[in-house]
Amino acid sequence: MIYQEWEDGFVVRRMRADDAKIVQRWYGALNPTACDLDIALACYPAEEKGFYIGEYQGEIVASAIRIPVCEGVYYGSYYYVEEKWRGKGFGRRLRDEVAAAHVGNNVLCIDAHDDLETMNQRKGYTNGFKVVLYKGAPKRLLREPPAGLMINQVSDVDFNKVIEYDNECFVGPNSPYRRAFLERWFAIPGGKSLTALDKNGQVIGLGCRRPALEGPHHLIGPLYAKDLDTAHTLIQILTADLDVDKDTIWLSICEPNEDAKQMVKDLQLQDDIHMLRMHLNGDPKEFKKQVFALTSIDVCGF
Ligand SMILES: CC(C)(COP(=O)(O)OP(=O)(O)OC[C@H]1O[C@@H](n2cnc3c(N)ncnc32)[C@H](O)[C@@H]1OP(=O)(O)O)[C@@H](O)C(=O)NCCC(=O)NCCS
């Protein structure tokens, strides 16, 4: 499906499943990527706008996604132009002439790399908070789990109860997009998804891990928990089968979250990429202290 064509031959069309491999390879050069884009593409109908590919002279040269995550809120990422084609207005046309119309008056959240802050402000984006990607060995911590805490496979818990808990932590409640997304996210091959239940059987934590497309890397997110001890317990069990000497875990936190900062300090993780959460068309107030790691800075930064 072609969205727009320009006289110089630049075309913006819908991203297809096989394009995702190219986009993931571009992003894989910055940090390990997993199957996030494949999952996102599978969650929306083929005619859903929001997945963009720019083509020039028969080559795929640019990408971006702007996808609804809940009522009135979109998440944007994968804004990229291949290095040799930068500075020719491909990025601007894809983003400002095609993708912007799709977002309309809805709130758009992005995690911008530092050097694009001024350009985004020029386009009307406002600053939210800092988001930091951390990495490190899956360190074992000798800590007692909170009394009465039970950790279960997510598949052993009623999905509706998991969604109820997710509603408290996610940017907006009862999102059909989120529901469809989590169903697939919990089933990623080679991944793990756990819930934490208190002594009354209430869900008080959710943690997921997925393998990177290449190398001994594992991405963690979402990691939602009632408190720091619950988050630590979830992450210890999520990573218990990984090799401390060979494997690397990656997770992104919201910098204002002091408990999440304490968690990465306890785990001796290193900061890798610093980003800025920016908003267009308003602030959805998505910062929640239960969010110890964002779902994915590639497709769903909540
Ligand atoms: C950002 C990027 C997509 C822009 O694509 P592009 O085709 O080179 O950009 P254009 O020529 O269409 O210019 C678009 C705007 O970006 C600005 N811009 C481009 N590169 C920039 C940079 N490195 N720093 C600051 N501003 C930049 C231009 O000044 C222009 O602003 P204007 O519309 O107000 O005139 C491209 O540089 C890129 O892929 N960068 C690496 C990946 C990245 O950082 N992605 C964004 C993650 S948030």
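- The chain carries the name N-acetyltransferase domain-containing protein in an unreviewed UniProt entry, which gives Capitella teleta as its organism.

Brief notes about the site of the ligand
Right, on to step 1. Surrounding the ligand, one finds 18 residues, the nearest of these being Tyr-79, Val-81, Gly-87, Arg-92 and Lys-123.
Right, on to step 2. Separating an oxygen atom of the ligand from a side-chain N or O atom of Arg-122 is a distance of 2.9 Å.
Right, on to step 3. Here an oxygen atom of the ligand sits 2.5 Å away from a polar atom, N or O, in the side chain of Lys-123.
Right, on to step 4. For the ligand, the cavity whose grid points lie within 2 Å of the majority of its atoms is the largest pocket.

Considerations on helix H5 (residues 159–169)
An α-helical turn contains 3.6 residues, so any two residues separated by three or four positions project in the same direction.
Right, on to step 1. Listing the buried residues of H5 in full gives Val-162, Ile-163, Tyr-165, Asp-166, Asn-167 and Cys-169.
Right, on to step 2. Buried residues along H5 sit in contact with helix H6 (176–185), strand S9 (192–197), strand S10 (203–211), strand S11 (217–225) and strand S14 (291–293).
Right, on to step 3. The N-cap of H5, judged by a side-chain oxygen 3.0 Å from the amide nitrogen of Asn-160 a few residues on, is Asp-158.

So, the packing of aromatic side chains
Right, on to step 1. Here the structure, examined in full by the defined rule, presents 16 aromatic pairs.
Right, on to step 2. Judged by centre distance (4.9 Å) and plane angle (25°), the ring pair of Trp-26 and Tyr-80 falls under stacked. Within this pair, whereas Trp-26 is found in helix H1 (residues 19–28), its partner Tyr-80 is found in strand S5 (residues 73–81), the two being separated by 54 residues in sequence. Comparing Trp-26 with Tyr-80 shows no difference in burial state: the two are buried.
Right, on to step 3. Ring centres of Phe-129 and Phe-287 lie 6.0 Å apart, and the angle between their planes is 65°; on these two criteria the pair is classed as edge-to-face. In this pair, Phe-129 is assigned in strand S7 (residues 126–136) and Phe-287 in the loop between strand S13 (270–280) and S14, connecting sequence segments 158 residues apart.
Right, on to step 4. Through successive ring pairs, a cluster of aromatic residues spans Trp-6, Phe-10, Tyr-56, Trp-85 and Phe-90.

Brief notes about the state of the cysteines
Right, on to step 1. Inspection of every chain in the model, using the stated rule, returns zero disulfides.
Right, on to step 2. Unpaired in terms of disulfides, Cys-70 finds its nearest cysteine sulfur in Cys-109, a separation of 8.5 Å.
Right, on to step 3. On the basis of relative accessible area, Cys-109 is assigned to the buried category, the value being 0%.

As for the pattern of salt bridges
Right, on to step 1. Applying the stated criterion across every chain, the model contains 19 salt bridges.
Right, on to step 2. Here Lys-84 ties to Glu-59 by a salt bridge, and the two come within 3.8 Å at their closest N and O atoms. Placement of the pair is Lys-84 in the loop between S5 and helix H3 (90–103) and Glu-59 in strand S4 (residues 59–70), with a sequence separation of 25 residues.
Right, on to step 3. Its salt-bridge partner being Arg-143, residue Asp-266 comes within 3.1 Å of it at the nearest N-O pair. Here Asp-266 is found in helix H8 (residues 258–266), whereas its partner Arg-143 is found in the loop between S7 and strand S8 (150–153), with 123 residues between them in sequence.
Right, on to step 4. The class of Asp-266 is buried, set by a relative accessible area of 15%.

About the cut-offs
Residues numbered from 1 in each chain as written. Predicted model: local features only at pLDDT ≥ 70, side-chain atom pairs only at ≥ 80, totals over all residues. Heavy atoms only, no water. Near = heavy atom within 4 Å. Polar contact = N/O pair within 3.5 Å; in protein donor to acceptor, adjacent residues only side chain to side chain. 1 Å grid on protein atoms, 1.4 Å probe; cavity = no way out; pocket = protein on both sides within 12 Å on 5 of 7 lines; lining within 4 Å. Sits in = over half its atoms within 2 Å of the grid points. Buried < 20%, exposed > 50% of the residue type's maximum accessible area, 1.4 Å probe, protein only. Helix = DSSP H or I, 4+ residues; strand = E, 2+ residues; numbered from the N terminus. Contact = heavy atoms within 4.5 Å. Phe/Tyr/Trp six-rings, centres within 6.5 Å; stacked < 30°, edge-to-face > 60°. Disulfide = S-S within 2.5 Å. Salt bridge = Lys/Arg side-chain N within 4 Å of Asp/Glu carboxyl O.

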